[in-house]
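# Breakdown of the fold
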Amino acid sequence: MNIIFIILFMSLIIAIAITLWLLKINIEKSDKFKTIQILNEMLDKMGFNPIEIIYCNKHLSLALNNKETKLAIIEDFNPNNRSYFKYKEVALSFIEKIEKSTCTKIHYLKKGEKKVLNIYPINNEINNFIHKIYSLSLIKKIQTKFPQQKFTLFDSSDWECSYFWAYSEKDNNFAYLKTGSNFQFGKINLRREHFTIDTKYKYFEAPIFGINQQLFNYNNDFLFELFNSMLSSIKEKYGEIKANSIYYDNYNNIIYLTNAINSMQSVNLEKVYEINYKDNRISFELEDKSTTINYIAKNQQILDFEDFIIDYNLKKIANSFCYNIDKLINTTTHTKFIIDFTRERIIYCANLNKINSFNYMVISFNNLKDICIKKSSTKYFARITTKDKETIDITCDKKEIAQYIEAQISKHVLR
């Protein structure tokens, strides 16, 4: 009997506690709503014209004006007794930094003096508001630094805005600001630099202060919007090598690889030392040899890219190649033999799918002495000897290719 009484008594105590807790929450919500409503009317009469008011606690509320240029700090405001409260306005441009520790902090300048506003308790609504007002301050700073730019997309690296990003959809300029004791600004054009965007894995890489590095994003939407904007711009401006896959900026010698869904890679071929292919990856080793950019691609896109590089390399030596007269012979997958009747020369090209390893040999018709077919293991090759006593072996995937080379040289050159 005593046990049952104790259980009933404890249940009653718990029920009363829950009721009081819910009552407290409802009272706090009522006080919050009432405070915000009265503050909105009062600030409007004062000419502040708020567009957002945040109730932090019974001692502190914050407000943002409709021009998004000022923060109002209202302390010790009692909606039932409005005769006494503390009020100050802070220009957003005077906010120096925000910080999370035991509480949330806003560091700002007021009349040349450094001030700190401590805010607690911390919740998502308050933190999102503080991040927003600091971001607005940084937007103003970055637009002032680059007045000729019209930036349309903005984001930060983290809540505290260690770095702040700004992007112009009109001309693809990407500006950045490093905050801290000294603000540092920089700007690049994403159509002139190496960059990587992958919205699936939330990966963004670009050169910041001259160093290629991963850029973190606080707002996930920024990366999606950036990807879509860049893809649209590239499709509009540059030659299509392969639809929704490869685009080429011939003027700046930059190629863009994309799956047109979530990933994009730009490569400035002038700054590439070597290209390597392995499994489902294309690796670009840059000139300093300490930086490698990897692009994950399906097999067909890799093959299409290799075809582009082969054509790119061939144009270096045969830009005005005449396909009606001259002969371009595929000897192996990545080697070609050219009989250039137009200029009376032969050209043997190797490693055509590479950059630095790509090489070729040019020999004039006048220097050719003899040609014959040889076999080594399972491979056939056409052996050319010159009057300078050089020997060049042209390896071929098939015997018929070697025979064709021999026939063309014997008939048209060694007559």
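Below: a short report on this structure. All values reported here derive from a predicted model rather than from experimental measurement.

What counts, and at which threshold
- Residues numbered from 1 in each chain as written.
- Predicted model: local features only at pLDDT ≥ 70, side-chain atom pairs only at ≥ 80, totals over all residues.
- Heavy atoms only, no water.
- Phe/Tyr/Trp six-rings, centres within 6.5 Å; stacked < 30°, edge-to-face > 60°.
- Core = buried A, V, L, I, M, F, W, Y, C linked by side-chain atoms within 4.5 Å.
- Buried < 20%, exposed > 50% of the residue type's maximum accessible area, 1.4 Å probe, protein only.
- Helix = DSSP H or I, 4+ residues; strand = E, 2+ residues; numbered from the N terminus.
- Contact = heavy atoms within 4.5 Å.
- 1 Å grid on protein atoms, 1.4 Å probe; cavity = no way out; pocket = protein on both sides within 12 Å on 5 of 7 lines; lining within 4 Å.
- Points joined across faces, edges and corners; volume = space filled by probe spheres on them.
- Polar contact = N/O pair within 3.5 Å; in protein donor to acceptor, adjacent residues only side chain to side chain.
- Nonpolar A, V, L, I, M, F, W, Y, C, P; charged D, E, K, R; others polar.
- Pairing = 2+ DSSP bridges.
- Axes fitted to C-alpha atoms, helices over the stretch in contact; angles between N-to-C directions.

## So, the packing of aromatic side chains
Evaluation of the coordinates by the stated rule reveals 17 aromatic pairs. Among the aromatic residues, ring-to-ring pairing joins Tyr-248, Tyr-277, Phe-284, Phe-305, Phe-308 and Tyr-312 into one connected group.

## Points about the nonpolar core
Leu-62, Ile-106 and Ile-119 are the most contacted members of the largest nonpolar core, which has 32 residues in total. Here this core gets 9 residues from one element, more than from any other, and that element is helix H2 (residues 124-145). Discounting chain neighbours no more than four positions away, the residues touching Ile-106 are Leu-71, Ile-95, Lys-97, Ile-98, Lys-115, Val-116, Leu-117, Ile-119, Ile-130 and Ile-133. Ranked by size, the runner-up nonpolar core spans 26 residues in total, among them Phe-222, Leu-226, Leu-231 and Met-264.

## A few points about the layout of surface pockets
Its volume calculated, the largest pocket comes out at about 580 Å³. Along the walls of the largest pocket sit 25 residues, with Asp-198, Ser-263, Tyr-295, Ile-296 and Ala-297 positioned nearest its centre. Contributing elements (two or more residues each) for the lining of the largest pocket: strand S12 (195-198), strand S13 (203-208), strand S18 (263-268) and strand S21 (292-296). It is S21 that provides the largest number of residues to the lining of the largest pocket, a total of 5 residues.

## Some details on the side chain of Thr-335
Position of Thr-335 among the secondary structure elements: in strand S23 (residues 335-340). Polar contacts involving the side chain of Thr-335 include one to the side chain of Thr-331, which spans 2.6 Å. For Thr-335, the side chain forms a polar contact with the side chain of Thr-332, separated by 2.4 Å. With sequence-adjacent residues up to four places away left out, Thr-335 is seen in contact with Ile-329, Asn-330, Tyr-348, Cys-349, Ala-350, Asn-351, Leu-352 and Thr-395.

## Some thoughts on empty space enclosed by the protein
Here the structure, examined in full by the defined rule, presents 1 cavity of 30 Å³ or more. As for the largest cavity, its lining consists of Phe-337, Ile-346, Tyr-348, Met-361, Ile-363, Ile-384, Ile-392 and Ile-394. Secondary-structure elements contributing two or more residues to the lining of the largest cavity are strand S24 (345-350), strand S25 (359-364) and strand S28 (391-396). For the lining of the largest cavity, the residue count by class is 8 nonpolar, no polar and no charged.

## Some points on the sheet that holds strand S8 (residues 153-156)
A sheet is described by the order of its strands in space; here 4 strands give the open sequence S8-S9-S10-S11, paired in antiparallel fashion. The open sheet has two free edges, formed respectively by S8 and strand S11 (184-189), since each of these has just one partner strand. Put simply, the sheet's adjacent strands are angled 15° from each other on average, direction ignored. The pairing of S8 with strand S9 (residues 163-167) spans 4 bridges and is antiparallel. Paired with Asp-155 across the two strands is Trp-165, which belongs to S9.

## Considering the sheet that holds S25
Spatially, the 4 strands line up as an open sheet ordered S22-S23-S24-S25, and their pairing is antiparallel. Pairing within the sheet leaves two strands with one partner each, and these edge strands are strand S22 (327-332) and S25. Sheet twist, expressed as the mean angle between neighbouring strand axes with direction ignored, is 15°.

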